[in-house]
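This is what each chain is made of:
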Amino acid sequence: QVQLVESGGGLVQPGGSLRLSCAASGSIDVSLYDMGWYRQAPGKQRELVAHSSSGGITNYADSVKGRLTISRDNAKTTVYLQMNRLTPEDTAVYYCKVGVWWGQGTQVIVAS
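Now for a quick tour of the structure.

## Side note on the side chain of Ser21
With respect to the helices, strands and loops of the structure, Ser21 is situated in strand E3 (residues 18-25). Given the relative accessible area of 16%, Ser21 is considered buried.

Spelled out as structure tokens, the structure:
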């Protein structure tokens, strides 16, 4: 049974930074899987914001390019999302996905 646990969300002022973490537990070699961060704002559909393939290729939604960075530590079975220069439009619940497994989400609120 694979479980993903996100952490690092919270309240931050516009222009600030947060780093989200997603730790995988269970019998999984995360290096074999694509990983991604998604977000869902109130009243909106869940969207992909950052993706890291098992081969190390990363892709980002246009709205976050240059501000968000996805990375992974395969030894620690953890994927990260570094978020800089946050704006109120980044307010959402952020979810990580590894392979077919989803985390429970962590809330990010950007407000002054």
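So much for the structure itself; the text now carries on.
## Observations concerning the nonpolar core
Formed by 28 residues in total, the largest nonpolar core has its most connected members in Trp37, Leu81, Met83 and Tyr94. Contributions of two or more residues to this core are made by E3, strand E4 (35-40), strand E5 (47-52), strand E7 (68-73), strand E8 (78-83), strand E9 (92-98) and strand E11 (106-110). Non-local contacts of Met83, meaning those with residues more than four positions away in its chain, are made with Gly16, Ser17, Leu18, Leu20, Arg67, Leu68, Tyr94 and Val108.

## Examining the packing of aromatic side chains
Applying the stated criterion to the full structure yields two aromatic pairs. Each ring, one from Tyr33 and one from Trp101, has its centre 5.4 Å from the other, and the planes form 75°; the classification is edge-to-face. Of this pair, Tyr33 sits in the loop between E3 and E4 while Trp101 sits in strand E10 (residues 101-102); the two residues are 68 residues apart in sequence, bridging distant segments of the chain. Residue classification places Tyr33 among the partly exposed positions, given a relative accessible area of 28%. Here Tyr38 and Trp102 contribute two aromatic rings whose centre-to-centre distance is 4.8 Å and whose plane-to-plane angle is 55°, an arrangement assigned as tilted. Of this pair, Tyr38 sits in strand E4 while Trp102 sits in strand E10, and the two are 64 residues apart along the sequence. The exposure class assigned to Tyr38 is buried, which follows from its relative accessible area of 17%. The ring of Tyr95 is capped by Arg46, whose NZ or CZ atom sits 3.7 Å from the centre of that ring. The ring of Trp102 has Arg46 lying over it, and the distance from NZ or CZ to the ring centre is 4.8 Å.

## Some details on unusual backbone geometry
Here Thr77, not a glycine, exhibits a phi torsion of approximately 50°, which is positive. The phi angle at Arg85 is positive, at roughly 50°, despite the residue not being glycine. Note that Arg85 resides in the loop between E8 and E9.

## Here we look at the pairing of E7
Residues Leu68, Ile70 and Arg72 line the buried face of E7, whereas the alternating positions Thr69, Ser71 and Asp73 sit on a face that is not buried. Of the strand pairs in this sheet, E7 and E8 are connected by six bridges, and their pairing is antiparallel. Note on E8: the bridge partner recorded for Arg72 is Val79. If you look at the hairpin formed by E7 and E8, you'll find four residues sitting between the two strands, and Thr77 has a positive phi there, around 50°.

Parameters at a glance
Residues numbered from 1 in each chain as written. Predicted model: local features only at pLDDT ≥ 70, side-chain atom pairs only at ≥ 80, totals over all residues. Heavy atoms only, no water. Helix = DSSP H or I, 4+ residues; strand = E, 2+ residues; numbered from the N terminus. Buried < 20%, exposed > 50% of the residue type's maximum accessible area, 1.4 Å probe, protein only. Core = buried A, V, L, I, M, F, W, Y, C linked by side-chain atoms within 4.5 Å. Contact = heavy atoms within 4.5 Å. Phe/Tyr/Trp six-rings, centres within 6.5 Å; stacked < 30°, edge-to-face > 60°. Lys NZ or Arg CZ within 6 Å of the ring centre and 35° of its normal. Pairing = 2+ DSSP bridges.

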